[in-house]
Every structure is written in structure tokens, then in C-alpha cells.
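# Structural characterization, general
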Amino acid sequence: QVQLVESGGGLVQPGGSLRLSCAASGSIFAIRTGAMGWYRQAPGKERELVASITSGGSTNYADSVKGRFTISRDNTKNTVYLQMNSLKPEDTAVYYCNAHGTWWDNWGQGTQLTVSS
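Residues numbered from 1 in each chain as written. Predicted model: local features only at pLDDT ≥ 70, side-chain atom pairs only at ≥ 80, totals over all residues. Heavy atoms only, no water.

## Some words on the environment of Ile31
Where we set the bar: Secondary structure counts use DSSP, requiring at least four H or I residues in a row for a helix and at least two E residues in a row for a strand, with both numbered from the N terminus. Two residues qualify as a contact provided that any one of their heavy atoms is within 4.5 Å of a heavy atom in the partner residue.
Positionally, Ile31 belongs in helix H1 (residues 28-33). Along the backbone, Ile31 and Gly101 are 70 residues apart, and their C-alpha atoms lie at a distance of 8.9 Å. Setting aside anything within four residues of it in sequence, one finds Ile31 in contact with Val2, Ala24, Ser25, Gly26, Arg73 and Asn78.

And the structure:
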């Protein structure tokens, strides 16, 4: 129903910044009305919610990223962003984009973020 493609991952030093992007395509109605979010999964750990944003712009963050990460969405471009500042080694993970509605749930393929000196 909705296809998601993440980009922007890479290698960054501790304290650095990076912005992830997630471009959505498919059902425009679903994209505009669905909630979107970023999840991450580190090696040996479960996937966890990082940040989410509703169609109305309400946001929610994991405690571990509050004050450092900002999620936003541009409905004209069908894209959701995750601005990440003050990155820490523990932020290293594969980051996945998610979009969902009442009856549907779609995931991107993920993009790797490595925070290391």
C-alpha cells in the first residue's frame, strides 16, 4: 500500500549530526493520513521506537533521544525526516522507517547508522 525508502545513514563521529530521510510512495491518502515513525535495531537487541509523528504533526520520542533527535514530515514531498544531533555510540543501529494506519502497516528496508570515532 505504501512503499518506504530510507536514505541518509552512514558513519559519523560521536557528537556529530546526521539527517535521515524516508520517502513514501503509493497510496497518497494513506501517506497523508497515516502516522509515520522511525525505529531502530542494534545488534542483539529488539527493534525499538525512536520517534513518531501523526498526520496532524504530534510527535513522540524515546527518552533516550529526547532533546537530541527531531522528527518532521513534509506532506508536499511525502517524506519524513529524522534530524539527529549529539550522536552517541549507543545510537548505532539500523534505522527503519514505518508508516501505518488503522488497517495497514508498512516498513522500509532500513539504513545503517554507525557512530564511532
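## So, the layout of surface pockets
Rules: Only protein atoms enter the 1 Å grid used here, on which a cavity is any set of points holding a 1.4 Å probe that cannot leave and a pocket is any open set flanked by protein within 12 Å on both sides along at least five of seven lines; residues with an atom within 4 Å of a point are listed as lining. Grid points are joined across faces, edges and corners, and a volume is the space filled by probe spheres set on the points. When residues are grouped by polarity, Ala, Val, Leu, Ile, Met, Phe, Trp, Tyr, Cys and Pro land in nonpolar, Asp, Glu, Lys and Arg in charged, and all others, Gly among them, in polar.
Computed from the structure, the largest pocket encloses a volume of approximately 160 Å³. Arg40, Lys45, Glu48, Glu90 and Asp91 are the residues nearest the centre of the largest pocket, which is lined by 13 residues in total. By residue class, the composition of the lining of the largest pocket is two nonpolar, three polar and eight charged.

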